[in-house]
Structures are given as structure tokens and as C-alpha cells.
Amino acid sequence: MSTNSLGFVRTELLAPRPAPASERSAIGWIRGNLFATPKDTALTILAIALLVWTVPDMLNWLFFDAVWSGSDRTACLTLAQGGVQPDGWSGACWAFVSERFEQFMFGRYPIDERWRPTLVAVLFAAVLAPMLMPRLPYKGWNALVLFVIFPIVAFFLLHGGVFGLQRVETPLWGGLMVTLILSFVGIAVSLPIGILLALGRRSHLPVIRVICVTFIEVIRGVPLITVLFMANVMLPLFLPTGWTIDNFLRALVGVALFASAYMAEVVRGGLQAIPKGQYEGADSLGLTYWQKTRLIIMPQALKLVIPGIVNTFIGLFKDTSLVSIIGMFDLLGIVQLNFTDTRWITPITPSTGLIFAGFIFWLFCFGMSRYSAFMERHLDTGHKR
């Protein structure tokens, strides 16, 4: 009988080797991502041709041939149109945006009082920044300042009427200021109400479940413009004689309730994704319903639906433009309002103003999207293969 002898037995794994230089270089990345297959090569060539065809003209129109300064419409008109530009000229009229920039930010807010919304914006940035940094402590106190103290201070600063401040009625508010106020209130109110509605829809109490289901389905079944119209036109009909509600407050309530219904369904999706063992484990520890929800279930559910929550926030931010139906002018509304200004009526004024408004909206939405991705990576405690 013969036995086999092993001359060598490895006791540890080989260390990983670096990728070949051809794969780590820029040429390797281009080859692997842009020219890996004939189909990829054709699509890359087509995309490059499209960029070469469109980008130069786009840059010329937006920047190089654009008008950056001027006092009236003649700066953005050709000689044949009564302006100063040569015939055949075409470019963006950024002089219009520059001239009306403060109005785009604050609407018809009194010029001498615009330091007040500016101060509110600075305070908002100061209290929001620590809230967005996960490693900073005292998040509870930070949340108290951001969601309770700051709104009260901001209201008195913007509305006035106290401490010697001039009273500024909400019909004079407008521009980006209105967009941000509606978005902040809608986001701050819709998330907690949406959580409660989601819990109520899953409740074992029939009355609570029916109320929550009815609210969610009714609100989700109609467009936001209908909700705003009802709040502005129909609500006063049900109030006692002599009672009135500010139009801006109606918009705030309508936007917040509308977003809450969508938020409830997003949160409910997260609750349904939690394994049953999590509920059973919490019950085995003797936790009450609210302790189980607050400490075990809800943190996991919210982490799972961060993309959906931020998607709802982004949609809410863009839907604020619909408040024009009740006479409020957000950023887009105030830009469109200035198209009729006789000092700036030109063929390219509308396109320039809309591009500016679109860029501002994109800037905020892209920022929310990037922060959402950052929080997903920060809260990702799972073990990926």
C-alpha cells in the first residue's frame, strides 16, 4: 500500500495583485467603457458627433455671444430691430437677468426691507448645515432650532409688524424666496404626517385605518393644482362671514397635505420591506408599540426608502410653481411675469429667463439628489458580497 506525501501546503491566501497597467490607465478605461464592443464604439462615435455639432453653438449662444450688461431691451436687439447688436446676432440676454435678479429672488418685497429675507436665508443656512453633517453632535437641539425656533423667527422677520419692523403682506412676497418657503414647510410637515398616515394605514384599528386610507387615496387621486384651487376658492365658502385665510397660508397647507399623502405611501413601502422577524424580535423584548416603531422598525424603514423620500421632496420643490394659480409668484412665476415688461421685451428674453429659472431649479434638485446618495452610503451598514 502506497501513501502520497505532499511537499507543500499553503497556509495563507495569496495577496491580491494590482490590475494590469493597461486596465488602470485612462486608455484602458476608455477601451473598456467606450469601445468595448462594436455597438459601444458606434454609440460613442455618434455621441461625440452630436456633441461636436451642438456644444459649440450652445456655448456661443449662452456665453461668448451673450449680452452681459445693458439698461434696456436695445442691448439685446439687432440694428434692424432697433437695438445695438449687428444683424444676424443671436445670443442670451443675461443683462435682463442681471437687471431683474433681485426681483427674481424676492419678488415685490420692498427694496429697503430686503435685508430681512437675506438675513433669514443666512440663518437658514447656518442652522441647516450642522443638521446635514452626520458626525456633528447635538442633533436633537439642532432639529429643535431648525424646525421650531427658526420658523418663528423667520415669520416675524419676513412678515414684520413687531419690534419696529415694517409690515410686509404676503402678496408682496415672491421669487425664489416663496419657492424655498413652500418647499421647506412642505418637506418639514409632510415627512412626520406621512409617517403617521403610513402607520395609520397599517393600523389594526378600523376607524384609524379607514380615515388614513381615505385621506391618502383622495389626495393622491387629484392633481396638486386642484388642491390649490379648492384651498383658494372653495375653502372661504365654508368659513363664517368675515373670516378669511391668507392666500399664502392656503398654499402652504395645500402643498403640505398633498406631499404628505405621497410620503405616506413611500414610508409604507419601507415598512412592508421590514422582515417579520424584526417585529417578533421587538415583541420578545417586551417593547411597546411605540417603542418598537421608534427604536426598531421606523429607522430601518426610513433607511430603505431614502431614494423615494428624496424623490418626493424633489417633486414637491418643482411643484411649487403651481401656486401661481392663487396669485402667488414663485421663481418661475416672477420670471414669466417680467416677460411683459416693456423695457425688456425681446425675442430672446423668454428663453433666457426660462433657462435661468431651470438652472436654479436644477441646482437645488441636483443638490438634494447628491445628498441623498451620500446618506445612502453613510447609512449602508449591510454586508455586500
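Keep in mind the model is a prediction, meaning the values are calculated, not measured. (Residues numbered from 1 in each chain as written. Predicted model: local features only at pLDDT ≥ 70, side-chain atom pairs only at ≥ 80, totals over all residues. Heavy atoms only, no water.)

**Side note on the overall build of the protein**
A count of helical and extended segments in the protein gives 16 helices and two strands. Relative to the 2.2 N^0.38 estimate, which gives 21 Å for 385 residues, the radius of gyration of the protein is 28 Å and therefore markedly larger than a compact globule would have. For the protein, buried positions account for 35% of its 385 residues. Of the contacts made within the protein by residues no fewer than 6 positions apart, 70% connect residues no fewer than 24 positions apart. For the protein, the accessible area works out to roughly 23600 Å², and carbon and sulfur atoms hold 68% of it. Taking the average place of the 29 positive charges on the side chains of the protein and the average place of its 22 negative ones, the gap between the two points comes to 12 Å. (Helix = DSSP H or I, 4+ residues; strand = E, 2+ residues; numbered from the N terminus. Rg over C-alpha atoms; globule rule 2.2 N^0.38 Å. Buried < 20%, exposed > 50% of the residue type's maximum accessible area, 1.4 Å probe, protein only. Contact = heavy atoms within 4.5 Å. Areas by Shrake-Rupley, 256 points an atom, 1.4 Å probe, with all protein chains shown as cover. Lys, Arg positive; Asp, Glu negative; His and termini not counted. Charge placed at Lys NZ, Arg CZ, Asp CG, Glu CD.)

**Comments concerning the pattern of salt bridges**
Side-chain pairs of opposite charge can arise whenever the charged atoms involved come near each other. Per the counting criterion, the structure on display carries twelve salt bridges. Notably, a salt bridge pairs Arg-201 with Glu-265, separated by 2.9 Å at the nearest N-O pair. A residue pair is termed long-range when its members are at least 10 positions apart, and Arg-201 in helix α8 (residues 176-201) and Glu-265 in helix α11 (residues 247-272) qualify at 64 residues. Classification of Arg-201 by relative accessible area gives buried; the value is 18%. Between Asp-283 and Lys-292 there is a salt bridge; the shortest N-O distance is 3.2 Å. Taking relative accessible area as the criterion, Asp-283 reaches 43% and is therefore assigned partly exposed. Lys-292 gets classed as buried once you look at its relative accessible area, which sits at 12%. Salt bridges sharing common partners tie together Arg-201, Glu-217, Arg-220, Glu-265 and Arg-268. (Salt bridge = Lys/Arg side-chain N within 4 Å of Asp/Glu carboxyl O.)

**A short note on the nonpolar core**
Most often, soluble globular proteins have nonpolar side chains that are buried together. Formed by 63 residues in total, the largest nonpolar core has its most connected members in Phe-104, Trp-173, Phe-248, Leu-331 and Phe-356. Looking at which element gives the most residues to this core, the answer is α11, with seven residues. If we ignore the near neighbours within four places in the chain, the residues touching Trp-173 are Phe-106, Tyr-109, Leu-158, His-159, Val-168, Val-178, Ile-181, Phe-248, Met-328 and Phe-329. Judged by nonpolar contacts, the second largest core, of 15 residues, contains Ile-195, Leu-271, Ile-274 and Ile-309. (Core = buried A, V, L, I, M, F, W, Y, C linked by side-chain atoms within 4.5 Å.)

**Points about the UniProt feature "domain: ABC transmembrane type-1" (unreviewed entry) in the protein**
Listed under "domain: ABC transmembrane type-1" (unreviewed entry) in the UniProt record, and renumbered for this structure, are residues 176-365. Overall, residues 176-365 shows 74% helix and 1% strand. The separation of its end C-alpha atoms is 14 Å. (UniProt positions renumbered as here; feature names shortened; annotations may be inferred.)

**A short note on the state of the cysteines**
Applying the stated criterion across every chain, the model contains one disulfide. The side chain of Cys-76 participates in a disulfide bridge whose partner is Cys-93; the two sulfur atoms lie 1.9 Å from each other. Residues Cys-76 and Cys-93 are joined by a disulfide whose S-S torsion is about 75°; by sign, that bridge is right-handed. On the criterion of sequence distance, the pair formed by Cys-76 in the loop between α3 (38-64) and α4 (94-99) and Cys-93 in the loop between α3 and α4 is long-range, its members being 17 residues apart. Each of the two residues, Cys-76 as well as Cys-93, counts as buried. (Disulfide = S-S within 2.5 Å.)

**Here we look at unusual backbone geometry**
The backbone of Tyr-138 sits at a positive phi, close to 60°, despite the residue not being glycine. Topologically, Tyr-138 is positioned in the loop between α6 (115-132) and α7 (139-159). Overall, the relative accessible area of 63% leaves Tyr-138 in the exposed class.

**Some points on α3**
When the terminal C-alpha atoms of α3 are compared, their 37 Å separation across 27 residues agrees well with the 39 Å that a helix rising 1.5 Å per residue should span. At Thr-54, α3 is bent by approximately 30°, the largest bend along its length, and proline Pro-56 sits one to four residues beyond. Looking only at α3, the buried set comprises Thr-44, Trp-61 and Leu-62. (Expected span 1.5 Å × (residues − 1). Bend = angle between axes of the 7 residues up to and from the residue.)

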